[in-house]
Amino acid sequence: QDTGKYKGMIEDCCCDYESVDSVNGEVLNPLLQELVKTPFFRYFKVKLWCDCPFWPDDGMCRLRDCSVCECPENEFPEPFKKPFHRGLPADDLVCQEGKPQAAVDRTLDSRAFRGWIVTDNPWTNDDETDNGELTYVNLLLNPERYTGYAGPSARRIWDAVYSENCPKYASGEICQEKKVLYKLISGLHSSISIHIAADYLLDESTNKWGQNRELMYDRVLRYPDRVRNLYFTFLFVLRAMTKAADYLEQAEYDTGNNTEDLKTQSLVRQLLYNPKLQAACPLPFDEAKLWQGQSGPELKQQIQKQFRNISALMDCVSCEKCRLWGKLQVLGLGTALKILFSVDGQNQPSESPQLQRNEVIALVNLLNRLSESVKYVSEQGPSIEKIMSKQ
Ligand code: FAD
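What counts as what
Residues numbered from 1 in each chain as written. Predicted model: local features only at pLDDT ≥ 70, side-chain atom pairs only at ≥ 80, totals over all residues. Axes fitted to C-alpha atoms, helices over the stretch in contact; angles between N-to-C directions. Helix = DSSP H or I, 4+ residues; strand = E, 2+ residues; numbered from the N terminus. Left-handed = near helix turned anticlockwise from the far one by under 90°. Contact = placed C-beta atoms within 7 Å. Nonpolar A, V, L, I, M, F, W, Y, C, P; charged D, E, K, R; others polar. Pairing = 2+ DSSP bridges. Near = placed C-beta within 6 Å. Core = buried A, V, L, I, M, F, W, Y, C linked by C-beta atoms within 7 Å. Buried ≥ 20, exposed ≤ 12 C-beta atoms within 10 Å, placed from the backbone. UniProt positions renumbered as here; feature names shortened; annotations may be inferred. Parallel < 35°, antiparallel > 145°, perpendicular 65-115°, else oblique.

Q: Tell me what's going on with the packing of helix H6 (residues 224–243) against helix H12 (residues 357–390), and back it up with residues and numbers.
A: It is at 9 Å that the axes of H6 and H12 come closest, and there the two elements cross at 145°. H12 is crossed by H6, and the crossing has left-handed handedness. Taken together, the residues of H12 that come into contact with H6 (itself represented by Val 227, Leu 230, Tyr 231, Thr 233, Phe 234, Val 237, Leu 238, Ala 240 and Met 241) are Leu 363, Leu 366, Leu 367, Leu 370, Ser 371, Ser 373, Val 374 and Val 377. Residues that form the contact of H6 with H12 fall into these classes: 14 nonpolar, three polar and no charged.

Quick look at the structure:
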């Protein structure tokens, strides 16, 4: 298989392009594709009607297709309706002596899962405890694809995300940590553009959908840094999943359907303890290299604040389906950041991540979206580039 020009080690990661392409194509992508179809992972809880804290909504959506179809009460799993544990009991908070506040520990407590929690994610802006306005959405019925959302409304969101929160770094001028935030957002942006191009409305009069090669080339493939950032983001999120492997393996995937739930558990296990993944890419990203300097704790707080702003900006996306996937993927990234750099707001390193059910649903669906994009670039990228460069 020709992987085009992307060869060698992925910048700031611990694996090479060829190994990532092959393990993703062979094992990760097929497992993730099955996992996101299970009843546990296909329902996402979201507040769709939210006020944009920055600009009034100017409704730029063109297609009817961009509204989201919500689930009726009787459709989503019964256990999802039960109340959660509210945070952790006090004696569960174990003091970790001798650990510098900001240093990152690669290990996690192996007796990890203690029930789903509802404590807000410090990296994101959403109030998960505000159940009143939350609805469940069946993600399989609302695929991420072209919606016609474009123009000044979409542009100012991306502009705000980049210029206010993670300005593009000039080499040597910015610390490693800020570079990570920029690359995560750019990688997510590449992935969103790839999904738009891969599932595009080619002819409105006949309602013909298909791949838009020009768009894929113009928005992503012709910019090597955008492709590199996509791989980086994929490995970052994959690392968060493997770091939390014990927690995720023990977690309850209860939807009231025993057969399906056992299948979900088994797929999670196959994904996280995969011998092919261990061989190809044992440490997808090394988070222990970050926050080493004296300003580590401050920097972490600052980046957390910037990421929260990005999360708040998702409420200004006026196309509903784009907002759904924007919120899901930003929550997924916030969950990956929480797992890798556990900061609980008071700057206490915690023993293991205590996660919300919705955070895990977002994390897995984000990883699947990124895995799809990486597969697209590795399998179709070279031939699209060849065709486009001849035109
Ligand atoms: P945009 O994608 O809007 O990019 C704006 C500018 O950002 C570019 O000119 C470039 O300078 C820079 N840029 C672009 N890509 C990268 C990158 N990877 N890294 C760094 N810089 C980059 N539309 C849909 O049809 N379906 C969706 O599901 C959808 N979801 C969206 C979710 C969010 C959160 C947002 C903000 C927008 C979404 N959109 C969606 C709109 C879509 O992303 C584009 O904004 C739109 O298609 C217009 O594209 P554009 O060519 O103007 O460039």
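Q: With reference to specific residues and values, describe the pairing of strand E3 (residues 200–203).
A: When E3 meets strand E4 (residues 208–210), the two strands line up antiparallel, connected through three bridges. Counterpart to Leu 201 in the pairing with E4 is Trp 209.

Q: How would you sum up the site of the ligand? Please name residues and give values.
A: Inspection of the region around the ligand gives 23 residues, with Ala 154, Ser 186, His 189, Cys 322 and Gly 326 positioned closest. Elements supplying a minimum of two residues to the shell around the ligand: helix H3 (152–165), helix H4 (176–198) and helix H11 (320–340). Considering each element in turn, the shell around the ligand owes the most residues, six residues, to H4. Residue composition of the shell around the ligand, grouped by class: twelve nonpolar, six polar and five charged.

Q: Can you explain the nonpolar core? Please cite residues and give values.
A: Counting 95 residues, the largest nonpolar core has Tyr 231, Leu 235, Val 237 and Leu 363 as its most contacted members. Among the elements that line this core, the one with the most residues is H12, at twelve residues. Not counting residues within four places of it along the chain, the set of residues in contact with Leu 235 comprises Ile 10, Cys 13, Cys 15, Val 20, Pro 284 and Phe 285.

Q: For the UniProt feature "active site" (unreviewed entry) in the protein chain, give the residues involved together with the corresponding values.
A: What UniProt calls "active site" (unreviewed entry) maps, in this numbering, to Cys 319 and Cys 322. Mapped onto the elements, Cys 319 comes out in the loop between helix H10 (296–313) and H11.

Q: Go over the packing of helix H1 (residues 17–35) against H12 with me, naming the residues and quoting the values.
A: Two measures define how a pair of helices packs: the angle their axes make with one another and the distance between the axes. H12 packs onto H1 with a crossing angle of 140° between their chain directions and a minimal axis gap of 9 Å. Here H12 runs oblique to H1, going by the angle between their axes. For H1 against H12, the interelement crossing comes out left-handed. Residue-level contacts link Val 20, Asp 21, Asn 24, Gly 25, Leu 28, Asn 29, Leu 32, Gln 33 and Leu 35 of H1 to Val 364, Leu 367, Asn 368, Ser 371, Glu 372, Val 374, Lys 375 and Ser 378 of H12. Of the residues that constitute the contact of H1 with H12, the class distribution is seven nonpolar, seven polar and three charged.

Q: Lay out the UniProt feature "binding site: FAD" (unreviewed entry) in the protein chain with the relevant residues and their values.
A: Taken from the UniProt record, the annotation "binding site: FAD" (unreviewed entry) applies to Arg 145, Thr 147, Trp 158, Ser 186, His 189 and Arg 219. The topology assignment puts Arg 145 in the loop between strand E2 (135–138) and H3. In this view, Arg 145 contacts His 195, Ile 196 and Asp 199; residues no more than four positions away in its chain are not counted. Within the secondary structure, His 189 sits in helix H4. Residue His 189 is classed as partly exposed on the basis of its 19 C-beta neighbours within 10 Å.

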